[in-house]
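One-letter residues, chain by chain:
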Amino acid sequence: MNSNKVGALLALVEDPTDFPANAPSLRTLDAAVRCPICSEYFAGPVSLLCGHCFCSLCIRNAIATPASKAQCPTCRTHVSESQLRPNPGMEDVVSAWKLARPCVLGLASKQLEEDVVGEPAKKKRKLDDDSSRVAGPSRTSSTESTSRSDADVPSSSAPAGEGHVPKPDFVVACPLCTQSMKYKFLEAHMTNNCAPVSPSKPSAPPTSKSKSQKNAWSDIMAPKSRGKDKDTSDADHIPKVSYDTLKDRQLKDKLAELGLPTGGDRAAWIARHQRWSMLWNANLDRAPAKRQSKAELLKELRKWEDERAALRSKQKREKEKEKPDDHAHLKTHNAEFKKLVAAARPKSKGGATNKEVEVGIDTSPPPSSAVAPSLDLNSEADVIVVDSDDEDEKGKADL
Amino acid sequence: MDARLRRVNKEIADCKNDKTSNIRIDLVDSSPFHLKGSFPGPEDTPYQGGLFEVDIVIPESYPFQPVKMKFITKVYHPNVSSASGAICLDILKDAWSPVLTLKSTLISLQSLLCSPEPNDPQDAEVAKHYTTSKRSFEETAVYWTKTYATPKDDAQVPSGAAAAGGRDEVAIAGLEKAHVDQFEALGFPRAKVIDVLRRLNYRGANVAQINDDRIVEELLK
C-alpha cells in the first residue's frame, strides 16, 4: 500500500533520475543545472562570492533564516545579501537545457532499445558541449564578481574590519540597506531610517551630498557593473529595512508605498514587507524577459500569507487538542493516582494507614485553605472537590 | 504543490533509484513529511550486519530548518540515547545546511556509527563505557546489534519488544554475569543490581577501583 503511494508521488516528479541509469553523465548534467536548495532548475540564478550558484529566492530565504548564520549553504563561507550577483550565463544554460531535455530524453531512452555502441559517442560530445557551456559563463561571472569587488575594495573591506574605525572620507556600505556612501555621512543616513536619497527630493544636506558623492564614485569606479546589475532603470531592489527603528505609522506607509495590503498587526506587516522584498528582489535577478509581473508577485505573496495563516491555525488547533487530552488522561487514571498517592503517603508520614491518608487528602488541602475562606460557604464544598483533584495532580508530579 | 513537497518527492525518488548507497526511505502514513529511513550498519564496526531504522519528520520550513531524526532501532552508541533514540549530531542541529538531503543526512548517521564522539555524548553512561573499556563497549554494541537490529526482527515490532523481555539483560547493560550474580547472591533484586552496576560503570578497569561497599551502599539507597 505504501509502495503504491510512493509510486504515485514519484510519478509527479521530474528529476535527474528520468534519465536511464546507464547514462549517469546525463543525470549529472541534469543535476548540475538545478538549485541545490530547491532541486528545481535555477530560477533567477545568482552567484555568491565563493562562486556557488543558487536560485535568487532560495538563497535569500536561506540567508534570512537565522539558523543559517549567513553562510553559503555549500561551503559555509560568509555571505550577505549584498554580495549576490545575477548569473545570466547560468540562466541561459537552464533555458537551453529545458528546451533540449525532452529531445535528449527521447534519444536516451531510444538508445536503450537500440545498439549501445554507436550512440554514446554522439551523446558524449553533446554532453561535453553543454558542460563546457555550464562551466564557461559561471567561471567568467565569478571572476567578474571578484574583479568587481576589487573595484569596490574600500566599500567592501571597510565594514569587514570591524575593529578599526574607517576614515571619514572612506566609502562604506550602509550595514542596513547596503547603499555605499562616505563614512562621515553614514550616521546621518542611518538615523534617517536609510531614506533613499534622491536629488529631486529635498533632504538633509549631508545625505544629499553623499548621494552625489556616491554617484560620482560609482561613475568613476564601476560604470559597467552598474549597468549590468540593474538592467532596467525603472525597477530597483528594495533595500533592507531595520524594522525595529520604524514606528507603526512609518511601517504602514512603507507597505502602502509598495502597493501592499496593510491589514493585520505589526508582526504581519514586518513579515509581509520582508517576504515582498525577497520576492521582488529575487524577481529582479531574473532576465527581464523572464520576470513576473507585479500582479503575479502580489498573488504569490497572498498565497504565502494564506499558507502561513493556515499553518498557524493548524498549530493552534493541535495545541488545543493536546489540552483536553491531559484532562481526559487525568480522569481515566484518577483512581490509579489516588492509589499511588495513598501508597506514597505512609512512607513520608511514617506509620499512617491508608484510611487516614484518604481523610487527610479531603480535609487538609494545604494550598486551598488560603483560597477557600475567601469564597462564600456554598461553594466551599466544590472547592474541596477540586482540591482533591489538585492533590492527585500533585501526587502525579511527585511520582 | 509547494516547494517543500516537490523537494521531498525528489529526494525519495533519488533514494529509490540509487541502488548503490543501500539507503531506503519509506512512507510511515499517508503524509510524505513523516518517513522512515533505514540503512545497514557500517562494515568493520560493532554495528555490522544490523539494519538501522530512523524516524524522519520533515518540518514546515524544510529545507531551511533541519529534518528531525531519531533512531527507531535501539543502538548502543555514545551519541545516541539508548532509551529514546535521540541523536547528537551537529548537522541535525546548528550545522544544518539547506543543501543537505535526506540521503546525505542518513549517510552521515551511518558514518556517525563508524566514528563515535564520546566527548560530545548524548548518552553519558554509554560514553563512559566507551572511554573506560572500548572492548567491553564493542561487545555490548555487537550484542545490541544482534538483539535489536537484525533484519528478521523488524518484521513486527511488537513481537520484537516481547522477545526483548527474554533477552539477556546483563549483556544488554554491558556487564559481566559473574559480577551481577555476586551481588544478587547478597539478596538484592537482579534488576536493581544491573541498574546500579550500569550507573556506576562497573566495567573493565573500573571494577578494581570501585569498592564493593560502595555498591552495596548504592543498592541500599
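Preceding this paragraph is the structure being described.
Residues numbered from 1 in each chain as written. Chains lettered and ligands numbered in written order. Predicted model: local features only at pLDDT ≥ 70, side-chain atom pairs only at ≥ 80, totals over all residues.

1. Comments concerning the overall build of chain B
Step number 1: Helix and strand counts for chain B stand at 10 helices and four strands.
Step number 2: The helix and strand sequence of chain B, counted from the amino end, reads α-β-β-β-β-α-α-α-α-α-α-α-α-α.
Step number 3: The 221 residues of chain B split such that 38% are buried.
Step number 4: Considering only residue pairs separated by 6 or more positions, chain B has 54% of its internal contacts joining residues 24 or more positions apart. (Helix = DSSP H or I, 4+ residues; strand = E, 2+ residues; numbered from the N terminus. Buried ≥ 20, exposed ≤ 12 C-beta atoms within 10 Å, placed from the backbone. Contact = placed C-beta atoms within 7 Å.)

2. Overview of the sheet that holds strand β4 (residues 68–71) of chain B
Residue and element names in this part refer to chain B.
Step number 1: One open sheet accounts for four strands, arranged β1-β2-β3-β4; its pairing is antiparallel. Of all strands in the sheet, those with a lone pairing partner are β1 (24–27) and β4, marking the two edges. In this sheet, adjacent strand axes meet at a mean angle of 25° when their direction is disregarded.
Step number 2: Against the sheet, helix α2 (residues 102–114) touches β1, β2 (34–40), β3 (51–57) and β4, its axis set at about 45° to β2. (Pairing = 2+ DSSP bridges. Axes fitted to C-alpha atoms, helices over the stretch in contact; angles between N-to-C directions.)

3. Quick look at the environment of B:Ile194
Residue and element names in this part refer to chain B.
Step number 1: With respect to the helices and strands, Ile 194 occurs in helix α8 (residues 190–199).
Step number 2: Residue class for Ile 194 comes out buried when judged on the 20 C-beta atoms lying within 10 Å of it.
Step number 3: Distance from Ile 194 to Ala 173, taken between C-alpha atoms, is 7.2 Å for residues 21 residues apart in sequence.
Step number 4: Not counting the four nearest positions on each side in its chain, Ile 194 is found in contact with Glu 169, Val 170, Ala 173, Leu 175 and Val 180.

4. What about unusual backbone geometry?
Step number 1: Omega for the bond connecting B:Tyr62 with B:Pro63 falls within 30 degrees of zero, at 0°, which places this linkage in the cis form.
Step number 2: Note on placement: B:Pro63 falls in the loop between β3 and β4.

5. Quick look at the interface of chain B and chain A
Reports often express the size of an interface as the amount of accessible area lost when the parts come together.
Step number 1: Listed by partner, the interface residues are 23 residues for chain B and 21 residues for chain A.
Step number 2: Take the side of chain B that touches chain A: its biggest share by element is 10 residues, from helix α1 (residues 3–17) of chain B.
Step number 3: Across the side of chain B that touches chain A, the residue classes break down as 10 nonpolar, five polar and eight charged. (Nonpolar A, V, L, I, M, F, W, Y, C, P; charged D, E, K, R; others polar.)

6. Considerations on the sheet that holds strand β1 (residues 45–47) of chain A
Residue and element names in this part refer to chain A.
Step number 1: The strand order across the open sheet formed by three strands is β2-β1-β3, and the pairing between neighbours is antiparallel. Edge strands, defined here as strands with exactly one partner in the open sheet, are β2 (53–55) and β3 (85–86).
Step number 2: Sheet topology note: the β1/β3 ladder contains two bridges and is antiparallel. By the bridge assignment, Val 46 is partnered in β3 with Pro 86.
Step number 3: Each of β1 and β2 is contacted by helix α3 (residues 56–64), which is oriented at about 95° to β2, the strand it contacts most.

7. Regarding helix α11 (residues 266–284) of chain A
Step number 1: For α11(A), built from 19 residues, the straight-helix expectation of 27 Å at 1.5 Å per residue is met to within 8% by its first-to-last C-alpha distance of 27 Å.
Step number 2: Within α11(A), burial applies to A:Trp269, A:Arg272, A:Trp276, A:Met278, A:Leu279, A:Asn281, A:Ala282, A:Asn283 and A:Leu284. (Expected span 1.5 Å × (residues − 1).)

8. Remarks on the nonpolar core
Step number 1: One finds A:Phe42, A:Phe54, A:Cys55, A:Cys58 and A:Ile59 to be the most contacted residues of the largest nonpolar core, which totals 66 residues.
Step number 2: Dropping the residues within four chain positions of it, A:Ile59 is found in contact with A:Val46, A:Phe54 and A:Leu84. (Core = buried A, V, L, I, M, F, W, Y, C linked by C-beta atoms within 7 Å.)

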